[in-house]
Amino acid sequence: PPTPFEPHDAWLPYCLLFTSGSTGEPKGVINHHHGILNEVLAIGKMLDFRKSDRVLQFASLGFDAALEEILGTLLAGACLVPREEFILESFERYQEFLITNSITIADLPTAYWAGWCAWLDANKTNPPAGVRAVIIGGEKAGAGSTDAWRRACGGSIPVFNTYGPTETAI
């Protein structure tokens, strides 16, 4: 049988996913299932997913990024932790949620991450000690946010921008 990295007709059927994409215009994107699998496996390898990881599932189920969060976590045998709505009330509540739930990997919309970076910077605080990686996506990351992130964690927590996965894989 084909490996996950070899396109093959046996990987049919296709799937249709909706996104605003890099154009900002809503659209549907058709992909083979192997495209999703390849992207999820690549992210798992890049992040060195571990069974001990606890991954924040931030995206709504109707958003393409949810596949990245859910499938990558489950394929690694890690724990998926759905977000609670109260974390949207304040970044202080978000920080508490990360600590209480022992989150090790957070997958966030870029705009939310940028707000968190600004809050960390303004409060002269750090991300929780257990967080070992952050994935952002949905739009480009600004230099101000990346600078604030470096100040908050001293470069010890990598950030991976997976902007544009629907058009390329998912």
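What you see is a predicted model, and the numbers here were worked out from it, not measured in a lab.

Asker: Tell me what's going on with the pattern of salt bridges, and back it up with residues and numbers.
Answerer: All told, the structure shown has six salt bridges when counted by the stated rule. Close ionic contact of Asp53 with Arg132 constitutes a salt bridge, the shortest N to O distance being 2.7 Å. Placement of Asp53 in the loop between helix H1 (33-47) and strand E3 (54-57) and of Arg132 in the loop between helix H4 (110-122) and strand E6 (133-137) is noted, with a sequence separation of 79 residues between them. Between Glu89 and Arg93 there is a salt bridge whose closest N-O contact spans 2.8 Å. You can call Glu89 exposed: its relative accessible area is 57%. Judged by its relative accessible area of 29%, Arg93 falls in the partly exposed class.

Asker: Tell me about the nonpolar core, residues and numbers included.
Answerer: In this structure, Leu56, Tyr94, Leu108, Trp113, Trp116, Val134 and Trp149 are the most contacted members of the largest nonpolar core, which totals 23 residues. Looking at this core, the elements that each hand over two or more residues are helix H3 (91-100), strand E5 (105-109), H4, E6 and helix H5 (143-153). Examining the composition of this core, we find that five residues originate from one element, H4, more than from any other. Among residues more than four places away in sequence, those in contact with Trp113 are Leu108, Val134, Ile136, Ala141, Ser145, Thr146, Trp149 and Val159.

Asker: Can you lay out the packing of H4 against H5 for me, pointing to particular residues and giving the numbers?
Answerer: The contact between H4 and H5 brings their axes to 8 Å, and the two run at 50 degrees. In terms of orientation, H4 and H5 fall into the oblique class. At the point where H4 passes H5, the crossing takes the left-handed sense. Contacts between H4 and H5 pair Trp113, Ala114, Trp116, Cys117, Leu120 and Asp121 from the former with Ser145, Thr146, Ala148, Trp149, Arg151 and Ala152 from the latter. Residue composition of the contact of H4 with H5, by class: eight nonpolar, two polar and two charged.

Asker: Account for the pairing of strand E4 (residues 79-82), with residues named and values stated.
Answerer: Bridge analysis of E3 against E4 gives four bridges, and the strand direction is parallel. By the bridge assignment for E4, Gln57 is matched with Pro82. As a crossover connection, the stretch from E3 through helix H2 (residues 65-76) into E4 is right-handed.

Cut-offs used in this document
- Residues numbered from 1 in each chain as written.
- Predicted model: local features only at pLDDT ≥ 70, side-chain atom pairs only at ≥ 80, totals over all residues.
- Heavy atoms only, no water.
- Salt bridge = Lys/Arg side-chain N within 4 Å of Asp/Glu carboxyl O.
- Helix = DSSP H or I, 4+ residues; strand = E, 2+ residues; numbered from the N terminus.
- Buried < 20%, exposed > 50% of the residue type's maximum accessible area, 1.4 Å probe, protein only.
- Core = buried A, V, L, I, M, F, W, Y, C linked by side-chain atoms within 4.5 Å.
- Contact = heavy atoms within 4.5 Å.
- Axes fitted to C-alpha atoms, helices over the stretch in contact; angles between N-to-C directions.
- Parallel < 35°, antiparallel > 145°, perpendicular 65-115°, else oblique.
- Left-handed = near helix turned anticlockwise from the far one by under 90°.
- Nonpolar A, V, L, I, M, F, W, Y, C, P; charged D, E, K, R; others polar.
- Pairing = 2+ DSSP bridges.
- Right-handed = clockwise from strand over helix to strand, strands pointing away.

By themselves, these observations are geometric and do not establish any function.
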